[in-house]
Amino acid sequence: MFLLCIANTELSKIPSLSAAGENVEAIKYTVPSDAELVYWGKCLTSSFLPVDPEGHPTPAILTRAAYEEAQFPVMVVRTGSFIPPACPYVEISSTPGANPLERPAVIEAKRIYSWAKTLGHNISAIEPLVVIGESIPGGTTSAFLVLKALGYDGMVSSASPKNPTNLKVEIWKKCCEVYGISEGSLRHKGLDALSLLGDPMQAAVAGIAMGSFNRSRVVLAGGTQMLAVAAILRHEGYNGEIEIATTKYVATDKTANFADLAESLGIKIHVVPVDLSRSAFKGLSDYERGYVKEGVGAGGALWYATYLGLSLDRLTDKIEKLYDNLIK
Ligand code: AAM
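Every value quoted in this text rests on a predicted model; they were computed, and no experiment measured them.

The rules we used
Residues numbered from 1 in each chain as written. Predicted model: local features only at pLDDT ≥ 70, side-chain atom pairs only at ≥ 80, totals over all residues. Heavy atoms only, no water. Helix = DSSP H or I, 4+ residues; strand = E, 2+ residues; numbered from the N terminus. Near = heavy atom within 4 Å. Polar contact = N/O pair within 3.5 Å; in protein donor to acceptor, adjacent residues only side chain to side chain. Areas by Shrake-Rupley, 256 points an atom, 1.4 Å probe, with all protein chains shown as cover. 1 Å grid on protein atoms, 1.4 Å probe; cavity = no way out; pocket = protein on both sides within 12 Å on 5 of 7 lines; lining within 4 Å. Sits in = over half its atoms within 2 Å of the grid points. Nonpolar A, V, L, I, M, F, W, Y, C, P; charged D, E, K, R; others polar. Axes fitted to C-alpha atoms, helices over the stretch in contact; angles between N-to-C directions. Parallel < 35°, antiparallel > 145°, perpendicular 65-115°, else oblique. Left-handed = near helix turned anticlockwise from the far one by under 90°. Contact = heavy atoms within 4.5 Å. Pairing = 2+ DSSP bridges. Phe/Tyr/Trp six-rings, centres within 6.5 Å; stacked < 30°, edge-to-face > 60°. Buried < 20%, exposed > 50% of the residue type's maximum accessible area, 1.4 Å probe, protein only. pLDDT = per-residue confidence, 0-100. Points joined across faces, edges and corners; volume = space filled by probe spheres on them.

Some remarks on unusual backbone geometry
The phi torsion of most residues other than glycine is negative, and most of the peptide bonds are trans. Positive phi values are uncommon outside glycine, yet Val292 reaches one of about 65°. Secondary-structure assignment places Val292 in the loop between helix 11 (282-285) and helix 12 (298-307). The phi dihedral of Lys293 falls on the positive side, at around 80°, and the residue is not glycine. Relative to the helices and strands, Lys293 is located in the loop between helix 11 and helix 12.

Structure, rendered in structure tokens:
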């Protein structure tokens, strides 16, 4: 089963921090639109496709292409989004994460985690393979804050080719002043770091994974955000195998340290060599130039479809056709 965990964080209201939406106002619609795109193949809550500030389309198109071709089961899990999606979903929380510079980010973290764990336990009774993706604009910054607090010195990726790394570091430094913390000072408790600095998606994905590990193979679908989830799992005492599937765009992102961070966390990574360079659409071919890169579980969904026997060529054709239809 492919699970899409959708959430928001108030961090996405900081100008220029997230490129997962055309602007700060449009970013509110990214999450429901991503879920609707995956579920129905079209957006309902908004009439516009989520795009970055330069018009490059959401990676939900890649996820939808994998789903349409491979027909694996899909479930949307809402864990705190500004706007609910217009599709069936399981709700664990409806409260978005806070900006940690204003107040602790996820005061409900332990409740979300424990509910998610029971959801994972139940899903694992019927599903041997659980692939978990996310959509949360600003999520690479909450991932960075959690990784720093847990003691990992590496940069996260970004939805933009111009990763706002200085801004991310500045927010971390301010959090250190506000809470009297430093790199690694919260390393003894993954959930405490999450509660102070993370986001509700991390709590839900970590919980679902922890609840599923006993009976299912779990693959976290995403880039450096899933490394933060993996770090939380490690710092909650999980020593078993953790797998992450992501696109080559994150794995080769020179502004981030995906491979090094994955190695220090002992993660098994699956890099999907998706190639959009021959697309007739600049919106897609620019993925090769570092735009968008990953999200909405795109890398994991493509990995899942290839695991089920589909070729990447067929999936790439489908991505092209879907985007063509969506912009007509
Ligand atoms: C999700 N929806 C998206 C998108 N993502 N629509 C357009 N572009 C994306 N990249 P940042 O921290 O820079 O905002 O990046 C994280 C977000 O980008 C996540 O929501 C992820 O799913 C992706």
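Looking at the site of the ligand
Around the ligand, 21 residues are found, and the nearest of them are Ser18, Asp34, Ile136, Gly138 and Thr140. Between the ligand and Pro137, the relevant distance is 3.3 Å, taken from an oxygen atom to a main-chain nitrogen or oxygen of the residue. For the ligand, the accessible surface in isolation is 480 Å², of which the surrounding protein chains cover 99%. Given that more than half its atoms are within 2 Å of the pocket grid, the ligand belongs to the largest cavity. Of all the elements in the fold, those that place two or more residues in the shell around the ligand are helix 1 (27-40), strand 4 (129-135) and helix 4 (139-149). Looking at the shell around the ligand residue by residue, the class counts come to 8 nonpolar, 10 polar and 3 charged.

Notes on the packing of helix 4 against helix 5 (residues 165-179)
Close contact between helix 4 and helix 5 brings their axes to 10 Å; oriented N to C, the two are set at 50°. Judged by the angle between their axes, helix 4 and helix 5 are oblique. The way helix 4 lies across helix 5 gives a crossing that is right-handed. Where helix 4 approaches helix 5, its residues Thr140, Thr141, Phe144, Leu145, Lys148 and Ala149 are matched on the opposing element by Lys168, Val169, Ile171, Trp172 and Cys175. A class-by-class count of the residues in the contact of helix 4 with helix 5 yields 7 nonpolar, 2 polar and 2 charged.

Some words on the sheet that holds strand 5 (residues 217-221)
Pairing is parallel across the open sheet formed by 7 strands, whose spatial order is 3-2-1-4-5-6-7. Both edges of this open sheet fall to strand 3 (90-93) and strand 7 (267-272), since each of them pairs with a single strand only. The average angle at which neighbouring strand axes cross in this sheet is 25°, direction not considered. Of the strand pairs in this sheet, strand 4 and strand 5 are connected by 4 bridges, and their pairing is parallel. Bridged to Ile132 within strand 5 is Leu220. Across the sheet, helix 1 lies against strand 1 (2-6), strand 2 (74-79) and strand 4, angled at about 165° from strand 1, the strand it touches most. Running over the sheet, helix 3 (residues 109-126) touches strand 1, strand 2, strand 3 and strand 4 and is turned about 150° from strand 3.

With respect to the packing of aromatic side chains
Scanning the model with the defined rule gives 8 aromatic pairs in all. Ring geometry for Tyr39 versus Trp40: centroids 5.0 Å apart, planes at 75°, classification edge-to-face. Taking relative accessible area as the criterion, Tyr39 reaches 23% and is therefore assigned partly exposed. Ring geometry for Tyr249 against Tyr287: centres 6.0 Å apart, planes inclined by 75°, an arrangement best described as edge-to-face. Taken together, the residues span a long stretch of sequence, with Tyr249 in helix 9 (residues 248-251) and Tyr287 in the loop between helix 11 and helix 12 at a distance of 38 residues. Exposure class is identical for Tyr249 and Tyr287. Each is buried.

Here's the deal with the pairing of strand 4
Along strand 4, 7 of the 7 residues are buried, which leaves the element largely enclosed by surrounding structure. Burial along strand 4 is two-sided: Leu129, Val131, Gly133 and Ser135 facing one way and Val130, Ile132 and Glu134 facing the other are all buried. Note: strand 1 against strand 4, 5 bridges, orientation parallel. Along strand 4, the bridge assignment pairs Cys5 with Glu134.

What about the confidence of the model for the protein?
In the predicted model, the protein carries a mean pLDDT of 97, and 100% of its residues have values of at least 70. Scoring the predicted complex yields pTM 0.98 and, for the interface, ipTM 0.98.

Overview of empty space enclosed by the protein
Evaluated as defined, the whole model comprises 1 cavity of 30 Å³ or more. Roughly 420 Å³ of volume is contained in the largest cavity. Lining the largest cavity are 34 residues, with Ala20, Ala159, Gln225, Glu294 and Gly295 sitting closest to its centre. Counting residues per element, the ones that place at least two in the lining of the largest cavity are helix 1, strand 4, helix 4 and helix 8 (224-235). Tallied by class, the residues present in the lining of the largest cavity amount to 13 nonpolar, 15 polar and 6 charged.

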